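Reading the structure
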Amino acid sequence: MNLVEKDLKYIWHPCSQMKDYEKLKSIIIDHGKGIYLYDKDGKEYIDIVSSWWCNLLGHCNPTINEYIKNQLDNLEHVIFANFSHEPAIKLCEELSKIIPEGLTKFNFSDNGSASVESALKMSFQYQYQMGNKKKTKFMCLSEGYHGETIGALSVGSMDLYAKIYKLMLMDTIHVEAPDCYRCPYGKTRECCNAECFEHAEKSFNKYGEETCAIIIEPLLQGSAGMRIYPPIYLKKLRKICDEYKVILIADEIATGFGRTGKMFAFDHANVSPDIMCVSKGLTGGYMPMAITITTDEIYNAFYDDYNKGKAFMHSHTYSGNPLGCSAALAVQKILREEAILEKANVRADYLNNKLKDALLEHQNIGEIRSIGLINAMELVKDKKTKEGYDSELRIGYEVYKRALNKGLILRPLGNVLYFNPPLIINEEEIDKAVSICKESIEDIIYQY
Ligand SMILES: *Cc1c(COP(=O)(O)O)cnc(C)c1O
């Protein structure tokens, strides 16, 4: 049996209908370098989706490798209750310099969903311990995505992931999210004043007193199809959260560390959340690690004599893993010393222009939206009415298969194709990716 056959025999892959693998088998990756992945036969693939949005600075980055290797010979892991280590402490010190103002305390976990669970429990317990015992509900945006554990699914709104589990989930309040491509107010991005915030206002008026926290993906609803909305929405949200004493949780798992052109999406709005979840790019996509970062005010509500029972009794075995912290320290060093964001912003314009030149005129590309290096193309049946394709046609998936053949990993979100490359992608690599993307779309779409 070869590796591909053994893969099918043993492995239940994430987020996959395994029957699809009969036709499109697993690609066995041997090694990676920069934005490229190489399979066993030496075929190269451009990792334009950053291996599920986590690879920030390219595969096999020499600095990150060196940091992990050095740490490996010192200490691989240690219990994080009552014990600590230099990489974790240094990392918090470094992150303190770049995170939104007011965020001061770091609670470690080992994946994005876990950091969301931590944020939800922390908010709930905070409100309880502050005497706000009516505040027990969570608010979230429609089409939101915060991970796939039960708590995180409950504050997500995507039927694709949540529908079957409805009976298992918490009862949460869903606010209609901004939908800028199909704006019901007929506004353009230029003249928008976040009129759609009226939905949030209504929900706060009705449920604000019983709401303990609201969680959002700031500026970019990733899994929903890279839906982008303006910073003014965050400003309004900050204000109303203060009025109703509702904790504002920023899920920056996908947007953190330069993905939107600034270090964090909240930086575009010049306001701070009360809790911020980071993961994915935190370790450059090397190690599973996440942090729930919060304020002194929230932290202090848990700080008391042990027998008062106010501690945050929440843990994960691999909290604060030293190898993860070392990778994250290397990422901070590179971001700091190599002007990664400045350079990425120049290439973000380049990429957006290239894609628009190549595809904006196409009759089945409804919109090319972008923030930072993230660019999304929505495939539509009719450009004027913005009518989408029937999801059962799986057009995005067909384009994906075609692009794979040509060496580009264009894994879609339904009918939305997107680029979310490592921040170090260069112009030549962009040209290549755009041209494969254009060819693949043209090869497939006329058949529908
Ligand atoms: C990926 C993601 C998560 C979940 O992170 P996992 O590590 O996959 O559990 C949560 N929120 C957002 C916005 C994400 O993009």
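Just so we're clear, the structure is a prediction, and the values are computed from it rather than from any experiment. (Residues numbered from 1 in each chain as written. Predicted model: local features only at pLDDT ≥ 70, side-chain atom pairs only at ≥ 80, totals over all residues. Heavy atoms only, no water.)

Our next topic: the overall build of the protein chain. Helix and strand counts for the protein chain come out as 15 helices and 16 strands. For a compact globule of 448 residues, the expected C-alpha radius of gyration is about 22 Å, and the protein chain comes in at 22 Å, within 12% of that figure. Along the longest, intermediate and shortest principal axes, the C-alpha atoms of the protein chain span 65 × 60 × 45 Å. Here the analysis covers contacts within the protein chain between residues at least 6 apart in sequence; of these, 71% occur between residues at least 24 apart. Taken as two groups, the 53 positive and 61 negative side-chain charges of the protein chain have centres that lie 2 Å from each other. (Helix = DSSP H or I, 4+ residues; strand = E, 2+ residues; numbered from the N terminus. Rg over C-alpha atoms; globule rule 2.2 N^0.38 Å. Contact = heavy atoms within 4.5 Å. Lys, Arg positive; Asp, Glu negative; His and termini not counted. Charge placed at Lys NZ, Arg CZ, Asp CG, Glu CD.)

If you walk through the whole model with that rule in mind, you get 1 cavity of 30 Å³ or more. For the largest cavity, the calculated volume is near 40 Å³. Lining of the largest cavity is provided by G144, Y145, H146, G147, L153, G156, S157, M158, Y161 and A162. (1 Å grid on protein atoms, 1.4 Å probe; cavity = no way out; pocket = protein on both sides within 12 Å on 5 of 7 lines; lining within 4 Å. Points joined across faces, edges and corners; volume = space filled by probe spheres on them.)

Together, I150, I164, Y165 and M168 make up a nonpolar patch on the protein surface, roughly 430 Å² of accessible area in all. Position of M168 relative to the elements: it lies in the loop between α8 (159–162) and β6 (173–175). (Patch = residues over 30% accessible without salt bridge, like charges linked within 9 Å, V, L, I, M, F, W, Y side chains within 5 Å. Areas by Shrake-Rupley, 256 points an atom, 1.4 Å probe, with all protein chains shown as cover. Salt bridge = Lys/Arg side-chain N within 4 Å of Asp/Glu carboxyl O.)

Moving on to unusual backbone geometry. The residue W52 is not glycine, and still its phi comes out positive at about 60 degrees. Of note, W52 is situated in helix α3 (residues 50–53). Overall, W52 belongs to the partly exposed group, its relative accessible area being 41%. The backbone of A339 sits at a positive phi, close to 45 degrees, despite the residue not being glycine. (Buried < 20%, exposed > 50% of the residue type's maximum accessible area, 1.4 Å probe, protein only.)

On to the domain arrangement of the protein chain, then. Many descriptions give the size of an interface as the accessible area lost when the pieces come together. For the protein chain, the domain assignment lists domain 1 (32–60 + 340–433) and domain 2 (66–337). A straight line from the C-alpha centre of domain 1 to that of domain 2 covers 26 Å. Facing the 33 residues of domain 1 at the interface are 27 residues of domain 2. Each partner contributes to the roughly 2600 Å² buried at the junction of domain 1 and domain 2, and carbon and sulfur atoms together form 63% of this total. Three residues, W53, L56 and I371, lead the burial of domain 1 against domain 2; their summed loss comes to 26% of the area buried on that side. Linking domain 1 with domain 2 are 2 salt bridges, by the criterion used here. One can count 15 residue pairs in polar contact (both at pLDDT 80 or more) joining domain 1 with domain 2. Ranked by residues supplied to the side of domain 1 that touches domain 2, first place goes to strand β13 (residues 365–371) with 5 residues. For the side of domain 1 that touches domain 2, the class distribution of residues is 19 nonpolar, 10 polar and 4 charged. (Domains from an automatic or database assignment. Buried area = accessible area lost by both parts, 1.4 Å probe. Polar contact = N/O pair within 3.5 Å; in protein donor to acceptor, adjacent residues only side chain to side chain. Nonpolar A, V, L, I, M, F, W, Y, C, P; charged D, E, K, R; others polar.)

It is worth spelling out the pairing of strand β5 (residues 137–141) at this point. For β5, a buried count of 4 out of 5 residues is recorded, marking the element as mostly surrounded by other parts of the structure. Relative to strand β7 (residues 211–216), β5 runs parallel, the two being bridged by 4 bridges. Among the inter-strand pairings, K137 is bridged to a residue of β7, identified as T211. (Pairing = 2+ DSSP bridges.)

Further remarks concern the site of the ligand. Taken together, the residues surrounding the ligand are W53, N111, G112, S113, Y145, H146, G147, E217, D251, I253, A254 and K280. Within the side chain of N111, one N or O atom sits 3.4 Å away from an oxygen atom of the ligand. A distance of 2.6 Å is found between a nitrogen atom of the ligand and a side-chain nitrogen or oxygen belonging to D251. Taking 380 Å² as the accessible area of the ligand by itself, protein coverage stands at 82%. Taken together, the residues of the shell around the ligand break down into 4 nonpolar, 5 polar and 3 charged. (Near = heavy atom within 4 Å.)

In space, the 7 strands of this open sheet follow the order β4-β12-β11-β10-β7-β5-β6, with mixed pairing throughout. In this open sheet, the two edge strands, each paired with only one partner strand, are β4 (103–109) and β6. Averaged over all pairs of adjacent strands, the angle between their axes in this sheet comes to 20 degrees, without regard to strand direction. The strands touched by helix α6 (residues 112–129) within the sheet are β4, β5, β7, β10 (247–251), β11 (275–278) and β12 (290–295), with β12 carrying the most contacts at an inclination of about 25 degrees. (Axes fitted to C-alpha atoms, helices over the stretch in contact; angles between N-to-C directions.)

Let's shift gears to the pattern of salt bridges. Applying the stated rule across the entire model yields 25 salt bridges. Among the salt bridges present, the one from E387 reaches K381, with a minimum N-O distance of 3.5 Å. K438 is the salt-bridge partner of E442, the closest N and O atoms lying 3.1 Å from each other. Taken together, the positions of E442 and K438, both in helix α15 (residues 427–445) and 4 residues apart, correspond to about one turn of that helix. For E442, a relative accessible area of 34% gives the class partly exposed. Through salt bridges with shared partners, one network takes in R182, R189, E367, R369 and E378.

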